[in-house]
Structure formats: structure tokens, C-alpha cells
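# A closer look at the structure
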Amino acid sequence: MHEMSIACSIADIAREQARAAGAGRVNTVEIEVGALAGVEVESLRFCWDAARSGPAAGAELVIHEIPGRGHCPGCDLECDVDFHVALCPRCEGGLRILRGRELRVRSLNVD
Ligand SMILES: [Zn+2]
């Protein structure tokens, strides 16, 4: 499962950062997930419960969802994008993706 490997990667990062900071425990892990990143947020939450371990065993996962946003170089229109809207609604040109592909750890709270 795709989300399981992502959850494991996040848990790895959390454990490494906790060790680097000399912290015994990770309280929260905040991540950013773009609407176009191809990640099922509910599935990721579910996988997180299984993936967290060691100092991150009790860590809460806080997910910030980033909406998709695109720009049309043809007519200079900026608009919302999702998987179903990849073309400019005005001129049907191909959109350049500005936001929404994020998948990264934003911050950790450790003790
Ligand atoms: Zn356009």
C-alpha cells in the first residue's frame, strides 16, 4: 500500500529528528499533503497508527491539506486544479501546477 510506505517514511524522519535533538518522545508530527500528491489522507491516518513506533509511538499526525492551484501560461489565468481539471477552463491550454504536489514534514514537536 502506497500510504503505508509514506507513513513509514514519516515515522523514520520523526525518529531520526528526535534522536538528533536528544528528545525522548515525539508529541506531534505536522505534514503537508497537496491535493495533487496522490495521497489518500484518511488512508494515511490509518497507516500512521501502524507505522509509528519507538519515540514516535504516541505521536499525533497533523495533516495540512494544500489545495491544488494552477496557472495557464497561454492566457494568464490562475485557477484551482484537481486530478480532473488539468486544462485551462478558459482557453483549454495546459496548466502549470503552482501548488498541490507537496508531501513533506512541516514540523515536529518533541520532548
Ligand atoms: Zn488559458
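The preceding data block contains the structure.
On a predicted model such as this, the values are computed, not experimentally measured, just so you know.

About the criteria used
Residues numbered from 1 in each chain as written. Predicted model: local features only at pLDDT ≥ 70, side-chain atom pairs only at ≥ 80, totals over all residues. Heavy atoms only, no water. Pairing = 2+ DSSP bridges. Helix = DSSP H or I, 4+ residues; strand = E, 2+ residues; numbered from the N terminus. Axes fitted to C-alpha atoms, helices over the stretch in contact; angles between N-to-C directions. Contact = heavy atoms within 4.5 Å.

It is worth spelling out the sheet that holds strand β6 (residues 103-110) at this point. In sheet architecture, strand pairing relies on hydrogen bonds along the backbone and comes in two forms, parallel and antiparallel. Strands sit in the order β2-β1-β6 across an open sheet of three strands; the sheet is mixed. For this open sheet the edge positions go to β2 (60-66) and β6, each flanked by a neighbour on one side alone. In this sheet, adjacent strand axes meet at a mean angle of 20° when their direction is disregarded. In this structure, strand β1 (residues 26-34) lies alongside β6, joined through seven bridges in antiparallel fashion. Residue pairing in the sheet places Thr28 in a bridge with Asn109 of β6. Sitting on the sheet, helix α1 (residues 2-20) is in contact with β1, β2 and β6, with an inclination near 40° to β6. Lying on the sheet, helix α2 (residues 41-51) is in contact with β1 and β2; it crosses β2 at an angle near 165°.

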